[in-house]
Structure formats: structure tokens, C-alpha cells
Amino acid sequence: MKRLIKDAARKLFIEQGFEKTSIRNIADEIEYSPGTIYLYYKDKSELLFDLHQESFQKLIEQFQRVLNIKDPFERLTVMGRYYMQYGFENPELYELMFLMSSPIETIECREEIWEDGRGAFNMLRQIVRECIDAGYFKIDDVEGTSLMIWSAVHGLVTIHLKKRTTMFEEGERIPRLQHAYERFVELLKGSI
């Protein structure tokens, strides 16, 4: 039942927006009464937060696949590829995680820190630190370098999901973005 509720809520949050989606809308979508949803979630904010955490857990699981790669720059490169793959294959989850403002507003209302984002970013920072220590990057700036890398990869995924690559043939879009990522990796390795 919880899976059914979350799937319907995710669909409606993305289609209608968080503010326009009600518990009643979600209940109608799954053909149950609103009371059924309240057995699992106290309100739609808690439901959204649960979806947000679940989505990040899936991304973190992708990232953990790089932990056995010894070379830190190769680990960083593969992690970026996994990030892009996750975004391209899970557009609804990516939207919920990074493009909708509602999950962050819910966290801010609770006066909490965005732990899911921090956990993923910390994995990136750790690998960047290892790249610096191994001599791949000349500049000892973990924070700035990590943020630059994340924003570049995030940008590639986002322009695709927001349909800003439609000037290219459909079959060319993702390959072009993957090619752009490989050019970014080459620049990254040789310039900082």
C-alpha cells in the first residue's frame, strides 16, 4: 500500500506540483479513501520527504558502485557517468530530488539540514580530496572544485530533462551530452 501511495504521489507532485496536489487527489489516484493515506503519512509534506529520501538512497547506491575503483580520478569520472545515467533513466525521481523546490522547503520548515544532499555531496568531496592528494588537481580547493563538478554534470542532465536539447535529433541527444561530459573530464584532468 505504501508503494502504491508513493508512486501515485510522485506522479501527481510532478504533474501538478506539490502545492496543487492534495491527499484527496492522491487517494483518488489510487482509488482509496484519504484516511488510508493518513494511516501511513501524517501529511503530504511527510510523504514528499519520504519520496525524496528514497530517491536519494537509490542515487547513493549507484555511487557506491565506484568505491572499489582504486584510482580516484577514474572513480570521479565513473561517478559522474552514474549520476548522468541516473538522471536520464529516472527523470521523475531526478525532478523530485533536484528540480522541485518543495522538498527543500519542507526541510527548511522543519529547520533541518538537507542530509540527503549533504551525503551525496560529501561522497563527491571525498573523491575530489583524494584526486588532489594523488596530484590530479594542482589547486587545493575541495569545496570549489566539488561544486564546479557537480554543477557541470547536473547542468548536462537538467538541460536534457527540461527539453533544452530538442534542437538535436532524438537519438543524438543523450550521446551528445555524454560526449560533452567526456570533454569536461578531459578539461578537468588537464587544467586545475
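Because the structure is predicted, anything quoted here is derived from the model rather than measured.

**Q** A description of the pattern of salt bridges should follow, citing residues and the corresponding values.
**A** Per the counting criterion, the structure on display carries 16 salt bridges. Measuring nitrogen to oxygen at the nearest pair gives 3.1 Å for the salt bridge that ties Asp7 to Arg3. Of this pair, Asp7 and Arg3 both sit in helix α1 (residues 2-16), 4 residues apart, roughly one helical turn. By relative accessible area, which is 36% here, Arg3 ends up partly exposed. Between Asp50 and Lys6 there is a salt bridge, and its shortest N-O distance comes to 3.6 Å.

**Q** Break down the packing of α1 against helix α4 (residues 44-64) for me, citing the residues and quoting the values.
**A** Running from N to C, α1 and α4 point in directions that differ by 95°, and their axes come no closer than 10 Å. Between α1 and α4, the crossing angle belongs to the class labelled roughly perpendicular. Residue-level inspection shows Lys2, Arg3, Ile5, Lys6, Ala9, Arg10 and Phe13 of α1 in contact with α4, the latter providing Lys44, Leu47, Leu48, Asp50, Leu51 and Glu54. Here the contact of α1 with α4 is composed, by residue class, of 6 nonpolar, no polar and 7 charged.

**Q** Quick rundown of the nonpolar core? Include the residues and the values.
**A** Judged by nonpolar contacts, the single largest core of 38 residues is most densely connected at Leu59, Leu76, Tyr83, Met84, Val128 and Phe137. Listed by contribution, the elements that provide at least two residues to this core are α4, α5 (72-89), α6 (91-99), α8 (115-133), α9 (142-161) and α10 (170-191). If you tally residues by element for this core, the top one is α5, at 9 residues. Judged by nonpolar contacts, the second largest core, of 17 residues, contains Phe13, Phe18, Ile30 and Leu48.

**Q** Any chance you could break down a nonpolar patch on the surface for me, citing the residues and the numbers?
**A** A cluster of nonpolar residues, Met1, Leu4, Tyr32, Leu39 and Tyr40, forms a patch on the protein surface that exposes about 500 Å² of accessible area. Inspection of the secondary structure puts Tyr40 in the loop between α3 (34-38) and α4. Given a relative accessible area of 37%, Tyr40 falls into the partly exposed group.

**Q** Run through the environment of Ile23, naming residues and quoting values.
**A** Assignment of secondary structure puts Ile23 in helix α2 (residues 23-30). The exposure class of Ile23 is buried, given its relative accessible area of 7%. Once the C-alpha coordinates of Ile23 and Lys44 are considered, the two residues, 21 residues apart in sequence, prove to be 6.3 Å apart. With sequence-adjacent residues up to four places away left out, Ile23 is seen in contact with Pro34, Ile37, Tyr38, Asp43 and Lys44.

Definitions and limits used
Residues numbered from 1 in each chain as written. Predicted model: local features only at pLDDT ≥ 70, side-chain atom pairs only at ≥ 80, totals over all residues. Heavy atoms only, no water. Salt bridge = Lys/Arg side-chain N within 4 Å of Asp/Glu carboxyl O. Helix = DSSP H or I, 4+ residues; strand = E, 2+ residues; numbered from the N terminus. Buried < 20%, exposed > 50% of the residue type's maximum accessible area, 1.4 Å probe, protein only. Axes fitted to C-alpha atoms, helices over the stretch in contact; angles between N-to-C directions. Parallel < 35°, antiparallel > 145°, perpendicular 65-115°, else oblique. Contact = heavy atoms within 4.5 Å. Nonpolar A, V, L, I, M, F, W, Y, C, P; charged D, E, K, R; others polar. Core = buried A, V, L, I, M, F, W, Y, C linked by side-chain atoms within 4.5 Å. Patch = residues over 30% accessible without salt bridge, like charges linked within 9 Å, V, L, I, M, F, W, Y side chains within 5 Å. Areas by Shrake-Rupley, 256 points an atom, 1.4 Å probe, with all protein chains shown as cover.

Any functional reading would require information that these geometric values do not contain.
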